[in-house]
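Next come the chains, spelled out residue by residue.
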Protein chains: 2
Amino acid sequence: MRLVIARCSVDYVGRLTAHLPMALRLLLVKADGSVSVHADDRAYKPLNWMSPPCSTRETYPDGAGGGGHWTVTNKAGEQLLITIEEILHDSRHDLGVDPGLRKDGVEAHLQELLAEQIGTLGDGYRLVRREYPTAIGPVDILCRDAAGLTVAVEIKRRGEIDGVEQLTRYLELLNRDPLLTPVRGVFAAQAITPQARVLAADRGISCVTLDYDALRGVDDPSSRLF
Amino acid sequence: MRLVIARCSVDYVGRLTAHLPMALRLLLVKADGSVSVHADDRAYKPLNWMSPPCSTRETYPDGAGGGGHWTVTNKAGEQLLITIEEILHDSRHDLGVDPGLRKDGVEAHLQELLAEQIGTLGDGYRLVRREYPTAIGPVDILCRDAAGLTVAVEIKRRGEIDGVEQLTRYLELLNRDPLLTPVRGVFAAQAITPQARVLAADRGISCVTLDYDALRGVDDPSSRLF
DNA sequence: CCGTAAATGTCGTCG
DNA sequence: CGACGACGTTTACGG
């Protein structure tokens with residue numbers, strides 16, 4: 001990883017054109033060749049960047065002390081042009097390969113847990129399958145209730161209006177299948193906004209709030225007392 | 001801006017829980033107090049971060065040379081806990097305020113171009129107006145076809161399912177206006193996904209792919225030969 | 001590699 | 001402050 005603090009201007013020509021006037025910024029060059037330009041605010045987003053794979057050509061017409069140009073190019077022909085007036089800091093550091101991030105609490109995990117414990121939705125529920133395919137995308141969970149009627153479940157971490165819309169589209173399609181219809185909808189999330197509840201009720205979709213810790217608790221062997 | 005290269009492990013507890021095992025990484029502390037943790041790959045996204053506003057508490061129990069803890073907290077109570085084993089580099093740089101990015105547009109430009117060249121949609125089409133107002137927001141373009149029937153156009157750079165939903169809502173409203181009904185829908189984008197096409201067809205909405213260069217070419221004076 | 005959905009999305013704007 | 005839509009979205013996952 002190379003860290004450069006420099007007075008520079010930046011031009012990006014690619015999916016759009018963008019320009020940064022001359023100012024002091026951090027140039028971050030990573031081991032994969034990627035380049036990002038950071039201002040002194042906003043944690044997440046660089047002002048400008050080039051994602052890997054890409055390559056950089058550096059030129060310093062007036063020698064090592066003077067200004068220079070970096071031209072960063074990728075396969076698609078997108079370009080990041082960095083014009084450097086002055087370099088205030090330039091250091092390199094070998095970090096090695098990162099062991100990577102372990103996440104807990106995402107939607108995929110919720111889906112796994114609910115599929116394993118489909119009885120959470122009601123007694124006698126049986127799983128048909130996860131990621132049940134339709135022409136407009138997979139339904140999170142398809143199952144049958146105690147009466148044998150089909151139920152489509154959409155799972156979100158946060159239940160908002162667009163999730164209800166998504167489930168509505170699936171239900172419309174699924175209900176055209178004579179082998180499945182009538183298909184009922186269940187909207188399951190850790191938290192559901194009032195707006196989403198109103199829309200769901202209007203569409204005849206029932207809402208279920210999921211207790212992540214409870215679902216995980218039943219599943220996690222380490223939490224069992226016996 | 002403060003740049004720290006350190007052997008560290010990181011735990012995030014907030015909207016989810018995440019853990020990074022001990023490894024060499026870049027810690028980037030910006031003037032707004034934000035903190036991000038970068039590995040030596042990927043230009044855009046840090047491994048972990050805390051967005052501003054947030055505050056950091058640093059403790060070094062064994063003195064300046066030894067390991068330490070950074071606890072970064074925000075208003076919502078989310079926490080980023082950084083355990084530092086060793087610091088290899090630590091520098092501060094005053095960058096000042098950035099003049100900011102100038103972008104040269106995408107979707108707005110597409111809309112202008114298509115409005116100017118509404119005949120792209122078919123012979124005899126006439127523009128009624130851009131940004132035609134409705135109760136739930138403006139329709140990108142309203143026009144009439146050769147037969148004088150009303151057509152609502154939704155324009156996206158990338159045509160996906162959300163765009164079809166948006167246009168559907170507009171059509172529902174517009175068709176309640178006795179002066180306009182029947183209103184037909186056209187979904188126009190540089191590229192349209194298969195599932196968006198399926199949904200559009202299902203809703204009786206036609207799809208048009210836009211050639212940005214061709215639209216611009218007709219418009220751009222610099223490309224004219226005479 | 002393409003298509004689709006999730007994201008600690010982030011970041012504007014507008015009510 | 002919350003909802004909505006755009007983003008050079010980026011990123012992960014499945015066929």
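An account of the accompanying structure is given in this report. Just so you know, these numbers come straight off a predicted model, no measurement behind them.

With that out of the way, let us pick up the protein's contact with DNA strand C. Around DNA strand C sit 22 residues, and of these Lys103(A), Arg157(A), Arg15(B), Asn48(B) and Gln195(B) come closest. The contact atoms of DNA strand C, taken as those within 4 Å of the protein, divide so that sugar and phosphate hold 79%. Note that a phosphate oxygen of DNA strand C is positioned 3.1 Å from one of the backbone N or O atoms of Ile136(A). Here a base oxygen of DNA strand C and a side-chain polar atom of Tyr12(B) are 3.4 Å apart. Elements with a contribution of two residues or more to the surface near DNA strand C: strand E11 (150–159) and helix H2 (161–174) of chain A together with strand E4 (48–50) and helix H3 (194–202) of chain B. By residue number, the principal contributor to the surface near DNA strand C is E11(A), which donates four residues.

This paragraph deals with the interface of chain B and chain A. Between chain B and chain A, the contact holds 58 residues from the first and 59 residues from the second. Summed over both sides, the interface between chain B and chain A buries roughly 5,000 Å², with carbon and sulfur atoms accounting for 59% of that surface. Counting across the chain B and chain A interface gives four salt bridges. Its salt-bridge partner being Arg169(A), residue Glu165(B) comes within 2.6 Å of it at the nearest N-O pair. Our enumeration of links across chain B and chain A arrives at 22 residue pairs in polar contact (both at pLDDT 80 or more). Of all the secondary structure elements, the ones that give two or more residues to the side of chain B that touches chain A are strand E1 (2–13), strand E2 (17–29), strand E3 (35–38), E4, strand E7 (79–92), strand E8 (102–104), helix H2 (161–174) and H3 of chain B. At 11 residues, the largest contribution of residues to the side of chain B that touches chain A is made by E2(B).

Residue and element names in this part refer to chain B. Judged from the 12 bridges that link them, E1 and E7 form a sheet pairing that is antiparallel. Across the sheet, Arg-2 pairs through a bridge with Arg-92, a residue of E7. In the sheet, strand E6 (residues 68–74) pairs with E7 via six bridges, with the strands oriented antiparallel. Opposite Trp-70, over in E7, you have Ile-82 as the bridge partner. Hairpin connection between E6 and E7: a loop of four residues separates the two successive antiparallel strands, and Gly-77 in this loop has a positive phi of roughly 85 degrees.

This brings us to the pattern of salt bridges. All names here are of chain A. Considering all chains together, one arrives at 22 salt bridges over all chains under this definition. A salt bridge links Arg-2 to Glu-58; the shortest N-O distance between them is 2.8 Å. Linking Arg-2 in strand E1 (residues 2–13) with Glu-58 in strand E5 (residues 54–59), this pair joins segments that are 56 residues apart in sequence. The residue Lys-156 makes a salt bridge to Glu-154 at a minimum N-O spacing of 3.5 Å.

Below, the discussion takes up the environment of Leu24(A). Along the chain, the position of Leu24(A) falls in strand E2 (residues 17–29). The exposure class assigned to Leu24(A) is buried, which follows from its relative accessible area of 12%. Note: C-alpha distance between Leu24(A) and Gly137(A) (113 residues apart in sequence) is 46 Å. Residues in contact with Leu24(A), not counting those within four places in the same chain, are Ala6(A), Arg7(A), Leu88(A), Asp94(B), Leu95(B) and Asp98(B).

Another point: a negative patch on the surface. Together, Glu160(A), Asp162(A), Glu160(B) and Asp162(B) make up a negatively charged patch on the protein surface. Within the fold, Glu160(A) resides in the loop between E11 and H2. Using a relative accessible area of 37% as the deciding quantity, one classes Glu160(A) as partly exposed.

Attention now moves to the packing of H2(B) against H3(B). A pair of packed helices is captured by two measures, namely the crossing angle of their axes and the spacing between those axes. All names here are of chain B. It is the contact of H2 with H3, at a shortest axis distance of 8 Å, that shows an interaxial angle of 20 degrees. Taken as axis vectors, H2 and H3 run roughly parallel relative to one another. The handedness of the crossing between H2 and H3 is right-handed. On H3, the residues that touch Ile-161, Val-164 and Glu-165 of H2 are Gln-195, Ala-196, Leu-199 and Ala-200. Here the contact of H2 with H3 is composed, by residue class, of five nonpolar, one polar and one charged.

A full pass over the atoms with the stated rule returns three aromatic pairs over all chains. Seen in terms of ring centroids, Tyr44(A) and Tyr44(B) are 6.2 Å apart; in terms of plane orientation they differ by 85 degrees. Their pairing is edge-to-face. Pair noted here: Tyr44(A) is in the loop between strand E3 (35–38) and strand E4 (48–50) and Tyr44(B) is in the loop between E3 and E4, and the two residues belong to different chains. The exposure class assigned to Tyr44(A) is partly exposed, which follows from its relative accessible area of 27%. Taken together, a centroid distance of 4.7 Å and an interplanar angle of 70 degrees make the contact between Tyr44(A) and Trp49(B) edge-to-face. Placement of Tyr44(A) in the loop between E3 and E4 and of Trp49(B) in strand E4 is noted, with the two residues assigned to different chains.

What counts, and where the lines are drawn
Residues numbered from 1 in each chain as written. Chains lettered and ligands numbered in written order. Predicted model: local features only at pLDDT ≥ 70, side-chain atom pairs only at ≥ 80, totals over all residues. Heavy atoms only, no water. Near = heavy atom within 4 Å. Polar contact = N/O pair within 3.5 Å; in protein donor to acceptor, adjacent residues only side chain to side chain. Helix = DSSP H or I, 4+ residues; strand = E, 2+ residues; numbered from the N terminus. Contact = heavy atoms within 4.5 Å. Buried area = accessible area lost by both parts, 1.4 Å probe. Salt bridge = Lys/Arg side-chain N within 4 Å of Asp/Glu carboxyl O. Pairing = 2+ DSSP bridges. Buried < 20%, exposed > 50% of the residue type's maximum accessible area, 1.4 Å probe, protein only. Patch = residues over 30% accessible without salt bridge, like charges linked within 9 Å, V, L, I, M, F, W, Y side chains within 5 Å. Areas by Shrake-Rupley, 256 points an atom, 1.4 Å probe, with all protein chains shown as cover. Lys, Arg positive; Asp, Glu negative; His and termini not counted. Charge placed at Lys NZ, Arg CZ, Asp CG, Glu CD. Axes fitted to C-alpha atoms, helices over the stretch in contact; angles between N-to-C directions. Parallel < 35°, antiparallel > 145°, perpendicular 65-115°, else oblique. Left-handed = near helix turned anticlockwise from the far one by under 90°. Nonpolar A, V, L, I, M, F, W, Y, C, P; charged D, E, K, R; others polar. Phe/Tyr/Trp six-rings, centres within 6.5 Å; stacked < 30°, edge-to-face > 60°.

By themselves these figures say nothing about function.
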